[in-house]
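Commentary on secondary and tertiary structure
Read off the chains here:
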Amino acid sequence: MTSAERARLEELAERIGHRFNELSLLERALAHRSWCAETPGEESNERLEFLGDAVLGFVVADLAYGEFHELQEGVLTDLRKSVVNAVALAQVAEQIDLGPHIKLGKGETAAGGAEKPSILSDALEAVIAAVYLDAGADAAHGMVSRLIAPRMNRSIDRLDQLDFKTQLQELSARRGLGVPIYEITAIGPDHSKSFTASAVVDGDVLGVGRGRSKKAAEQGAAAEACASIDHSA
């Protein structure tokens, strides 16, 4: 790592609100698989993303349970979804200017990968994991509390708008586009499957979502597709 690269990472760490003991963890969290494919020997951020997704889910659930005493389980679940989805996480990533720091392959860079909600949200989850590995659960909890918890309060009044599949269908109709369809793939054993959904509109994949259920994956794909259509308007 050059001195200039270290300086840039330290600036990012300051915006994140965490001083890293091992700055290399943050560096790895920013390594997209497209860059690693062109840079032999480098490890992508996918394992960190996996861990960060779990840490994020726990912290948001903990915050929601502790803060919103009057809400029942179903509403708490909707509240968690309102801040733990590709679009919401990408907005947080944009807030800390994460995109320019993500290492992308040439093709992904040319395709505007640093602005894609899926890449931004995955990188943010990887950064959460990097903070967790660097300094433990309290540090990761603090990061999520600073960057994501404030959005939960703003989400309470719009929980009825969280059906992204319906939003995508209505948005597609307003723009004169075709009816969205979803292509689903699954990996893993029956008791622990992971689903990936692609939201396809007029033959183009506009969003990709992942989750432990088909419904969650489809909602994530629809959310990203909505953002993609709005961005292209």
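I will try to describe carefully the structure that is included in this document. (Residues numbered from 1 in each chain as written. Predicted model: local features only at pLDDT ≥ 70, side-chain atom pairs only at ≥ 80, totals over all residues. Heavy atoms only, no water.)

**A closer look at unusual backbone geometry**
Look at Asp97: it is not a glycine, yet its phi comes out positive at around 55 degrees. Mapped onto the fold, Asp97 is located in the loop between helix 6 (86-95) and helix 7 (106-110). For Asp202, which is not glycine, the phi torsion reads 55 degrees and is therefore positive. Inspection of the secondary structure assignment puts Asp202 in the loop between strand 2 (194-201) and strand 3 (204-211). (Helix = DSSP H or I, 4+ residues; strand = E, 2+ residues; numbered from the N terminus.)

**Describing the pairing of strand 1 (residues 181-187)**
Note that strand 1 and strand 2 share 7 bridges and pair antiparallel. Across the sheet, Ile187 pairs through a bridge with Ser194, a residue of strand 2. Between strand 1 and strand 2, which pair antiparallel one after the other, the connecting turn spans 6 residues, and Gly188 there sits at a positive phi close to 100 degrees. (Pairing = 2+ DSSP bridges.)

**Things to note about helix 9 (residues 137-147)**
Turning to helix 9, its buried residues number three or more, namely Ala140, Met143, Val144 and Leu147. The buried side chains of helix 9 occupy one side of the element, clustering within an arc of 95 degrees when seen end-on. Elements in contact with the buried residues of helix 9: helix 1 (3-16), helix 4 (46-67), helix 6, helix 8 (117-135) and helix 10 (149-155). (Buried < 20%, exposed > 50% of the residue type's maximum accessible area, 1.4 Å probe, protein only. Arc of directions from axis to C-beta. Contact = heavy atoms within 4.5 Å.)

**Some points on the side chain of Ser121**
Secondary-structure assignment places Ser121 in helix 8. At 3.1 Å, the side chain of Ser121 and the backbone oxygen of Ser118 are in polar contact. Not counting chain neighbours up to four residues away, the residues in contact with Ser121 comprise Ala86, Leu89 and Ala90. (Polar contact = N/O pair within 3.5 Å; in protein donor to acceptor, adjacent residues only side chain to side chain.)

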